Amino acid sequence: MIEVKEQKQTYATRFERIEAGVVEGGSASLLAIRKAAFSRFTELGFPTTKHEEWQYTNIAPIAEAEFERMETDTASGSIDDIAPFNFGACAATLVFMNGKFAPHLSAVGNLHEGIRARSLADALSSDDPLITRHLARHAKFDEHAFTALNTAMMEDGAFVYIPPGVVVEQPIHLIYLTSSAQPGSYHPRNLFVLGSSSQATLVESYAGLEGTRYFSNPVTEIVTEAGAVLDHYKIVRESDEAFHVSTLQLHQHQGSNASSTTVSMNGRLVRNDIRTLLDGDGCDCTLNGVQVIDGTQHVDNHLVVDHAKPNCNSREFFKNVLNGKSRGVFSGRIMVREDAQKTDAKQTNQSLLLSEDAQVDSKPQLEILADDVKCTHGATIGQLDEDAVFYLQSRGLDFETARSLLVYAFAREVIDEVRIDGLRNQLDELLIARLPQGQLLRERL
Amino acid sequence: MLEIRNLQANVEGKEILKGINLTVAAGEIHSIMGPNGSGKSTLAQVLAGRDTYEVTEGEILFEGKDLLELSPDERAGEGLFLAFQYPVEIPGVTTNYFLKAALNAVRKYRGEDELDAMDFLAHIKEKAELVDIPQDLLKRAINEGFSGGEKKRNEVFQMAVLEPKLSVLDETDSGLDIDALRIVANGVNQLRSPQRAGIVITHYQRLLDYIVPDFVHVLVDGRIVQSGDKDLALHLEDKGYGWIREDVPGGEPVAS
Ligand SMILES: Nc1ncnc2c1ncn2[C@@H]1O[C@H](COP(=O)(O)OP(=O)(O)O)[C@@H](O)[C@H]1O
Ligand SMILES: [Mg+2]
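Since we're looking at a predicted model, the values are computed, not measured. (Residues numbered from 1 in each chain as written. Chains lettered and ligands numbered in written order. Predicted model: local features only at pLDDT ≥ 70, side-chain atom pairs only at ≥ 80, totals over all residues. Heavy atoms only, no water.)

Some points on the overall build of chain B
What counts, and what does not: Only DSSP runs of H or I reaching four residues or more are called helices, and only runs of E reaching two or more are called strands; each is numbered from the N terminus. Radius of gyration: C-alpha atoms only; globule rule: 2.2 Å multiplied by the number of residues to the exponent 0.38. In this scheme, a residue with accessible area under 20% of its type's maximum is buried, one over 50% is exposed, and one in between is partly exposed, where area comes from a 1.4 Å probe on protein chains only. Every residue pair with non-hydrogen atoms within 4.5 Å of one another is taken to be in contact. Areas reported as accessible are Shrake-Rupley estimates using a 1.4 Å probe. Residue values count occlusion only from the protein chains shown. Charged residues are defined here as Lys and Arg on the positive side and Asp and Glu on the negative side; His and the ends of the chain fall outside this count. Where a charge lies is defined by one atom per residue type: Lys uses NZ, Arg uses CZ, Asp uses CG and Glu uses CD.
Looking only at helices and strands, one finds 9 helices and 13 strands in chain B. Its C-alpha radius of gyration of 18 Å places chain B within 12% of the 18 Å reference for a compact globule of 256 residues. Over its C-alpha atoms, taken along the principal directions, chain B stretches across nearly 55 × 40 × 35 Å. Taken over 256 residues, chain B has a buried fraction of 54%. Considering only contacts within chain B whose residues lie at least 6 apart along the sequence, 68% involve residues at least 24 apart. Counting only carbon and sulfur atoms, one obtains 46% of the accessible surface of chain B, whose full area is about 11000 Å². Taking the average location of the 27 positive side-chain charges in chain B and that of its 43 negative ones, the two points are 2 Å from each other.

If you want it as structure tokens, here you go:
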């Protein structure tokens, strides 16, 4: 407890700097929100495992660690550092080194007129009315200490706006790379607004160079106005010593269609809160995810699908592959409010345990207040099918390769759905690299 | 090629194989018949190396090598192939995809060059024509949603691709209509050569009209109780397994 108090003190000192304007803080209205968020964080404190939503995920190492604000040189990072994360042509690539926008590594050149893709720090200093309207208006911080902390502390991130009716063919890619040898923390904040009937693809890559130790606390708010179509991907490949606690908040208006895929591969502790508010008639939402983890990794995916309006469909499909002593958590809450008649909600969570010491907890929660709805959920937890392993072995594949092939097939089901060819190939490579006989498998296939 | 001596095997502590003796020479086809539950599939699975079956006695020599010392994949490399009675469905892995990995693993084991994508495609195209298996079936997940007949055909196709020395077919005829049966038998017969051998497990005589065996063995309660030539199969078809203790034309009772 003492450590937690001290830690709060560290954050309080930091917050004073923001209040004093040492750190660029944005408009007066935002400062008021920051203050409210910080005071909420102070009240809530870091959650313990006694908190229902944090029952399976112990974040004490984050609370206890002395993570200072990550300092960075704006010129840090090179094209080579970024190369592993590129996957082909993008409409815009915004690179953040140690949490701070790195213009020399970014490319925002050839955007259709009216599209805005810029750093949040930049947007904050220019008083963009869209910022005032949307920033911190969607991701609720009153019950979430980490979102509160982000809201109080945010300094940089990405702000993207797609005007009504505009279709952006190529993806917009945000790369967050930590390279600092000094441990530290940062709070990326992304705001993505899709105007009515617009279409866009957003990819968020979070990564750290080997050996870096940090706490990344990103919050992404995405608004899809009426009829907009969003394709969103988030790839977590943080360093092995990193903590990643994130919130994705989607706010969907009438007839909009959003799909979001979360792929968690690397990181010591990863918690993804993925929430969508279906706030208009006839929305579609697909939330996919896959995590392939090993060692003592811990990955917790926490989903909330809030059906607030009628005639909306939601699909959740999450897969876990756990090896070593890793631990996975899936929590999926589906809320169907009184108004939300003709809701069609489906949730699937499948886990594959590759070792006896791996563990997974899967927790579906349904709260249904409307009567004319279709809600299904299913969770399976299993080991590799021994009959299948033997079948493959009898054809000449050695035991480990046979197992790897089955794991690959299991996880591929999510990756197959990725609609950007280059990204799908990149994820395929990442997946193969994480399999015990991946290299061999790649050569043979 | 294959020599099984006094093979005894248990499953979950229950004795299933109670002393099997069988010698298969290169160029021969042996048929094993017998009532349900007599241990035919157990024998096939033990040959392929399934570890749920515990071998308690006896030995198996394959081209002079101790088969029981080898893992299932090494056995495949040595040239053993089992067409499963119940082929396994494997979601997410297409037949083509996994066969390339399997063929190259087996070729590597045999000291042959691995095939590149082009050569592999040519190879499987030829084999697919041989067993008349539609290409689109091979692009689907292994056996997933296949009909009984399609699964069996896929087994014979895989056999043709991997070109084993000894093929063990476990009830490959069950679930096949007469046309499919002919195609499957044709696939097997194409593989027949003085260097190769086969064990055909069935409990219908009709397959043996198409794959004519050199020897027929009757397995009852974990033992081979009768061996003979192809006429033994006809006799069994007529009389069932009740007569087994009697003398039969063409049959030689096996000394126990
Ligand atoms: N995996 C297993 N677990 C338990 N019993 C088995 C298993 N496999 C076979 N058996 C038993 O062994 C006996 C022989 O089975 P099997 O070899 O499948 O016979 P067949 O193929 O001749 O019909 C049967 O009594 C069957 O129930
Ligand atoms: Mg059988």
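Don't stop here, the text continues.
Quick notes on the sheet that holds strand β5 (residues 65-66) of chain B
Residue and element names in this part refer to chain B. Selection criterion: Strand pairing is assigned whenever DSSP detects at least two bridges linking the two strands.
Read across the sheet, 4 strands follow the order β2-β1-β4-β5 without closing on themselves; strand pairing throughout is antiparallel. Looking at which strands have only one partner, the edges of the open sheet turn out to be β2 (14-24) and β5. Pairing of strand β4 (residues 53-62) with β5, which is carried by 2 bridges, proceeds in the antiparallel orientation. The residue bridging L61 from the neighbouring strand is D66, located in β5.

Digging into the coordination of the magnesium ion (ligand 2)
Residue and element names in this part refer to chain B. Our working definition: With water omitted from the atoms examined, metal sites may look incomplete; donors here are N, O and S atoms no farther than 2.8 Å from the metal, or 3.2 Å in the case of Na, K and Ca.
The protein atoms donating to the magnesium ion (ligand 2) are S41 (OG) and Q85 (OE1), with metal-donor distances spanning 2.1 Å. One end of the pair, S41, is in helix α1 (residues 40-48); the other, Q85, is in the loop between β6 (80-83) and β7 (90-94), with 44 residues separating them in the sequence. Accessibility expressed as a relative area gives 22% for S41, which makes it partly exposed.

Here's the deal with the interface of chain B and chain A
Our working rule: Once two parts are put together, the accessible area they lose, assessed with a 1.4 Å probe and summed over both, is termed the buried area. Throughout this description, the term salt bridge denotes a Lys or Arg side-chain nitrogen within 4 Å of a carboxyl oxygen of Asp or Glu. Counting of polar contacts relies on pairs of N or O atoms within 3.5 Å, with two restrictions inside protein: one atom must be capable of donating a hydrogen and the other of accepting it, and residues adjacent in sequence are counted only when both atoms are side-chain atoms. Note on residue classes: Ala, Val, Leu, Ile, Met, Phe, Trp, Tyr, Cys and Pro are nonpolar, Asp, Glu, Lys and Arg are charged, and everything else, Gly too, is polar.
With 32 residues of chain B in contact, the opposing surface of chain A contributes 20 residues. At the boundary of chain B with chain A, total buried surface from both sides reaches about 2300 Å², with 64% on carbon and sulfur atoms. Together, R50(B), D73(B) and Y97(B) form the three largest contributors to the area buried by chain B at its contact with chain A, with a combined 25%. For the interface between chain B and chain A, the tally reads 3 salt bridges. Where chain B meets chain A, there are 9 residue pairs in polar contact (both at pLDDT 80 or more). Contributions of two or more residues to the side of chain B that touches chain A are made by α1, α2 (72-78), β6, β7, α3 (95-109) and α6 (148-162) of chain B. Here the element with the most residues in the side of chain B that touches chain A is α3(B); it accounts for 9 residues. Classifying every residue of the side of chain B that touches chain A by side-chain character gives 20 nonpolar, 6 polar and 6 charged.

Some points on the site of ligand 1
All names here are of chain B. As a reminder of what qualifies: Proximity is defined per residue: any heavy atom of the residue falling within 4 Å of a molecule or strand makes that residue near it.
The full set close to ligand 1 counts 13 residues, and G37, K40, S41, T42 and Y53 are the nearest of them. Here K40 contributes a backbone N or O atom positioned 2.9 Å from an oxygen atom of ligand 1. Y53 places a polar side-chain atom, nitrogen or oxygen, 3.0 Å from a nitrogen atom of ligand 1. Burial of ligand 1 by the protein amounts to 68% of the accessible area it has alone, namely 560 Å². Of all the secondary-structure elements, those providing two or more residues to the shell around ligand 1 are β2 and α1. A breakdown of the residues in the shell around ligand 1 according to their chemical character gives 4 nonpolar, 6 polar and 3 charged.

Description of the packing of aromatic side chains
Residue and element names in this part refer to chain A. How we decide: Only rings of Phe, Tyr and Trp enter the pairing, Trp through its six-membered ring, and a pair is recorded when the two centres are within 6.5 Å. The plane angle decides the type: under 30 degrees is stacked, over 60 is edge-to-face, the rest tilted.
Taken as a whole, this structure holds 19 aromatic pairs over all chains when the rule is applied. Summarising the aromatic geometry, the rings of F46 and F146 are spaced 5.4 Å apart at their centres and angled 50° between planes, so their arrangement reads as tilted. Here F46, found in the loop between α2 (28-44) and α3 (60-64), pairs with F146, found in helix α7 (residues 145-153); they are 100 residues apart in sequence, far enough to count as distant. Residue F46 shares its accessibility class with F146, and that shared class is buried. On the numbers, 6.4 Å between centres and 40° between planes, the contact of F67 with F215 is tilted. Note that F67 is positioned in the loop between α3 and α4 (79-82) and F215 in strand β9 (residues 214-216), a separation of 148 residues in sequence. Here F67 matches F215 in class, with each residue buried.

Looking at the layout of surface pockets
All names here are of chain A. Let me state the cut-off plainly: We place a 1 Å grid over just the protein atoms. Points where a 1.4 Å probe fits but has no way out form a cavity, open points with protein on both sides within 12 Å along at least 5 of 7 lines form a pocket, and any residue with an atom within 4 Å of a point lines it. Grid points are joined across faces, edges and corners, and a volume is the space filled by probe spheres set on the points.
In this model, the largest pocket occupies a volume close to 610 Å³. Lining the largest pocket are 29 residues, with K140, E143, Q249, R275 and V304 sitting closest to its centre. At the level of secondary structure, the elements contributing two or more residues to the lining of the largest pocket comprise α7, β12 (243-252), β14 (269-278), β16 (298-307) and β18 (327-336). Looking at the lining of the largest pocket, the element that brings in the most residues is β14, giving 5 residues. Residues of the lining of the largest pocket, tallied by class, amount to 8 nonpolar, 10 polar and 11 charged.

Remarks on the domain arrangement of chain A
Residue and element names in this part refer to chain A. Put simply, the test is: For each domain, the first and last residues come from an automatic or database assignment.
Partitioning chain A into structural domains gives domain 1 (70-383) and domain 2 (384-445). Centre-to-centre separation of domain 1 and domain 2, based on C-alpha positions: 26 Å. At the junction of the two partners, domain 1 supplies 34 residues and domain 2 supplies 20 residues. Contact between domain 1 and domain 2 buries roughly 2200 Å² in total, counting both sides, with carbon and sulfur atoms accounting for 67%. Here domain 1 and domain 2 share 2 salt bridges between them. Counting across the domain 1 and domain 2 interface gives 13 residue pairs in polar contact (both at pLDDT 80 or more). Elements with a minimum of two residues in the side of domain 1 that touches domain 2: β8 (199-208), β11 (229-237), β13 (257-266), β15 (284-293), β17 (313-322) and β19 (344-353). Across the side of domain 1 that touches domain 2, the residue classes tally to 17 nonpolar, 13 polar and 4 charged.

Looking at the packing of helix α4 (residues 117-130) of chain B against α6(B)
When two helices pack together, their arrangement is given by the angle between the helix axes and the distance between those axes. Residues and elements named next belong to chain B. Put simply, the rule reads: Lines fitted to the C-alpha atoms define the axes, with helices restricted to the stretch that makes contact. Angles between their N-to-C directions range from 0 to 180 degrees. Here is the rule for angles: anything less than 35 degrees is roughly parallel, anything more than 145 is roughly antiparallel, 65 through 115 is roughly perpendicular, and the remaining ranges are oblique. In a left-handed crossing the near helix is turned counterclockwise from the far helix by less than a right angle, and in a right-handed crossing that turn is clockwise.
Between α4 and α6, the shortest axis-to-axis distance is 9 Å and the interhelical angle comes to 135°. Between α4 and α6, the angle is such that the two are oblique. Note that α4 runs across α6; the crossing there is right-handed. In this structure, α4 uses H123, I124, K127, A128 and L130 to contact α6, whose residues at the interface are F157, A160 and V161. A per-class count over the contact of α4 with α6 returns 6 nonpolar, 1 polar and 1 charged.

What about the pattern of salt bridges?
All chains considered together, the criterion is met by 41 salt bridges over all chains. In this structure, R337(A) engages D306(A) in a salt bridge whose closest nitrogen and oxygen atoms are separated by 2.7 Å. Here R337(A), found in the loop between β18 and β19, pairs with D306(A), found in strand β16; they are 31 residues apart in sequence, far enough to count as distant. In this structure, the salt-bridge partner of R5(B) is E59(B), at a minimum N-O distance of 2.4 Å. Of the two residues, R5(B) sits in strand β1 (residues 2-11) while E59(B) sits in strand β4, which places them 54 residues apart along the sequence. Given a relative accessible area of 33%, R5(B) falls into the partly exposed group. It is possible to trace a salt-bridge network through shared partners that takes in R116(A), R118(A), D122(A) and D128(A).

What about the environment of M154(A)?
Residues and elements named next belong to chain A. Topologically, M154 is positioned in the loop between α7 and β4 (158-162). Considered as a pair, M154 and A433 are 279 residues apart in the sequence and their alpha carbons are 34 Å apart. Residues contacting M154, with those up to four places away along its chain left out, are L30, R34, L120, L135, H187 and R189.

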